[in-house]
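Read off the chains here:
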Amino acid sequence: MFTSVDDVSARLAATGYLASPAVATTVFLADRLGKPLLVEGPAGVGKTELAKAVAEVAQARLVRLQCYEGVDESRALYEWNHAKQLLRISAGRDETWDETRTDIFSEEFLLTRPLLTAIRGDDPKVLLIDETDKADVEVEGLLLEVLSDFQVTVPELGTIAATRRPFVVLTSNASRELSEALRRRCLFLHIGFPDEELERRIVRLKVPELDEALAASVVRVVGALRAMDLRKVPSVAETIDWARTLIALGADTLDETVVRDSLGVLLKHHDDVLKATAKLDLDAV
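No experiment lies behind these values; they were computed from the predicted model shown. (Residues numbered from 1 in each chain as written. Predicted model: local features only at pLDDT ≥ 70, side-chain atom pairs only at ≥ 80, totals over all residues. Heavy atoms only, no water.)

A. View of the packing of helix α12 (residues 236–249) against helix α13 (residues 256–266). As a packed pair, α12 and α13 sit with axes 9 Å apart at the nearest point and diverge in direction by 140°. As far as their axial angle goes, α13 and α12 are oblique. Between α12 and α13 lies a crossing whose hand is right-handed. Judged by residue contacts, E238, T239, D241, W242, T245, L246 and L249 of α12 engage V258, V259, S262, V265 and L266 from α13. Its residues placed into classes, the contact of α12 with α13 shows seven nonpolar, three polar and two charged. (Axes fitted to C-alpha atoms, helices over the stretch in contact; angles between N-to-C directions. Helix = DSSP H or I, 4+ residues; strand = E, 2+ residues; numbered from the N terminus. Parallel < 35°, antiparallel > 145°, perpendicular 65-115°, else oblique. Left-handed = near helix turned anticlockwise from the far one by under 90°. Contact = heavy atoms within 4.5 Å. Nonpolar A, V, L, I, M, F, W, Y, C, P; charged D, E, K, R; others polar.)

B. The side chain of T239, seen in detail. Tracing the backbone through its elements, the reader meets T239 in helix α12. For T239, a relative accessible area of 0% puts it in the buried group. Excluding residues within four positions of it along the chain, T239 makes contact with E199, V203, V218, V222, R226 and L266. (Buried < 20%, exposed > 50% of the residue type's maximum accessible area, 1.4 Å probe, protein only.)

C. Spatial organisation of the pattern of salt bridges. Per the counting criterion, the structure on display carries 21 salt bridges. The partner of D7 in a salt bridge is R11, with the nearest N and O atoms 3.3 Å apart. Remark: R11 and D7 occur in helix α1 (residues 5–14); sequence separation between them is four residues, near one turn of the helix. Assessed through its relative accessible area of 16%, D7 is described here as buried. (Salt bridge = Lys/Arg side-chain N within 4 Å of Asp/Glu carboxyl O.)

D. Inspection of the sheet that holds strand β5 (residues 125–130) at higher detail. If you trace the five strands from one edge of the open sheet to the other, you get β2-β5-β8-β1-β9, paired in parallel fashion. Every interior strand has two partners, whereas the edge strands, β2 (61–66) and β9 (187–190), have only one. The mean angle between the axes of side-by-side strands here comes to 20°, regardless of whether they run parallel or antiparallel. Summarising the sheet, strand β1 (residues 37–40) and strand β8 (residues 167–172) pair through four bridges and their orientation is parallel. Following the sheet pairing, L38 is matched in β8 by L170. Relative to the sheet, helix α3 (residues 47–58) contacts β1, β2, β5, β8 and β9, its axis offset from that of β5 by approximately 170°. (Pairing = 2+ DSSP bridges.)

E. Quick peek at the packing of aromatic side chains. Applying the stated criterion to the full structure yields two aromatic pairs. Both rings, one in Y78 and one in W80, keep their centres 6.3 Å apart while their planes meet at 80°; by these two values the pair is edge-to-face. Overall, the relative accessible area of 8% leaves W80 in the buried class. For the ring pair W80 and F105, a centre distance of 5.1 Å and an interplane angle of 85° mean the geometry is edge-to-face. Within this pair, whereas W80 is found in strand β3 (residues 78–80), its partner F105 is found in the loop between α6 (97–104) and β4 (110–112), the two being separated by 25 residues in sequence. (Phe/Tyr/Trp six-rings, centres within 6.5 Å; stacked < 30°, edge-to-face > 60°.)

F. Here's a closer look at the state of the cysteines. Inspection of the entire model under this criterion finds zero disulfides. Sulfur of C67: no disulfide; nearest cysteine sulfur belongs to C186 and is 12 Å away. (Disulfide = S-S within 2.5 Å.)

G. Molecular detail of the confidence of the model for the protein. Averaged over the protein, the pLDDT score is 92; the fraction of residues at 70 or greater is 98%. Across the protein, β1 holds the top mean pLDDT of 98, while α6 sits lowest at 72. (pLDDT = per-residue confidence, 0-100.)

H. Representation of the pairing of β5 in the model. Buried residues dominate β5, accounting for six of its six residues. Residues K125, L127 and I129 point to one face of β5 and V126, L128 and D130 to the other, with burial holding for every one of them. Sheet topology places β2 next to β5; six bridges connect them, and they run parallel. Note on β5: the bridge partner recorded for V63 is L127. Strand direction decides the pairing type here: β5 and β8, joined by four bridges, are parallel. Bridged to V126 within β8 is F167.

I. Inspection of the side chain of E131 at higher detail. With respect to the element layout, E131 can be found in the loop between β5 and α8 (137–149). Under the relative-accessibility criterion, E131 is labelled buried at 19%. In terms of polar contacts, E131 uses its side chain to reach the side chain of N173, at 3.4 Å. (Polar contact = N/O pair within 3.5 Å; in protein donor to acceptor, adjacent residues only side chain to side chain.)

J. Representation of the nonpolar core in the model. Ranked by internal contacts, the top residues of the largest apolar core, which has 34 residues, are L115, L116, I129, L143 and L170. Only β2, β3, α7 (114–119), β5, α8, β6 (151–154), β8 and α9 (180–184) provide two or more residues apiece to this core. If one sorts the elements of this core by residue count, α8 sits on top with six residues. If near-sequence neighbours (up to four positions away) are discounted, I129 is found in contact with L65, C67, L115, L143, V168, V169, L170 and T171. Core analysis: the second largest hydrophobic core is formed by 30 residues, V219, L230, L246 and A251 among them. (Core = buried A, V, L, I, M, F, W, Y, C linked by side-chain atoms within 4.5 Å.)

See below:
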């Protein structure tokens, strides 16, 4: 997919994703080694967007498994279309059970979910397993089979192996520790908040109407907020939202009134807003 680390940086940038050298290097290695990529970091720093950008660069289909507490095999892998099976059984009353069973446990009645979808077919795919840490520990056993051999066993159909391996990205906000077995199968990448210069470039790319000076001020204020002891510090996504807010308000500069009135775009807890209002010194940033 990629010829070099610089090729990764350039092609991701063409999609609107500005990758740091560490991100570009790890994506290149994941592609070259054929290894899943585990991306950890706080919410809103571009973990999911990285998978979307890789899919766009590769002109691949993005297959997404959104993890949550309670997600199980039928939501992640496959399930049978029971309603259709019952109709088929009703229609074949004169058949023997062996004849009916052979029919109802066939491809026609199989509902593929993201993991099985990602390993079937010859078209290029990017498999995004989003917020892996929100899934139950039992789901990791299912992921191990898929990510180890890129194959899935369906008892009624046998083993389905990938003819073309997808590029796999797992994201985690580190709300719980993932198993060592899962980590061993992946290359690891931590994406934190970008440095000031990179975040300014991101803001200018995503909100080109914002002039250079105001973009720099936005990034400095967000950096000052992140240095505070807040319940939830602003993410990169919220920095971009704030920049768009300033455009919508017609603000040319950052003054106390503009910042105070729009803090709800950056901060999502009342006590954080109170703390920022009391401590933020615009003259110092």
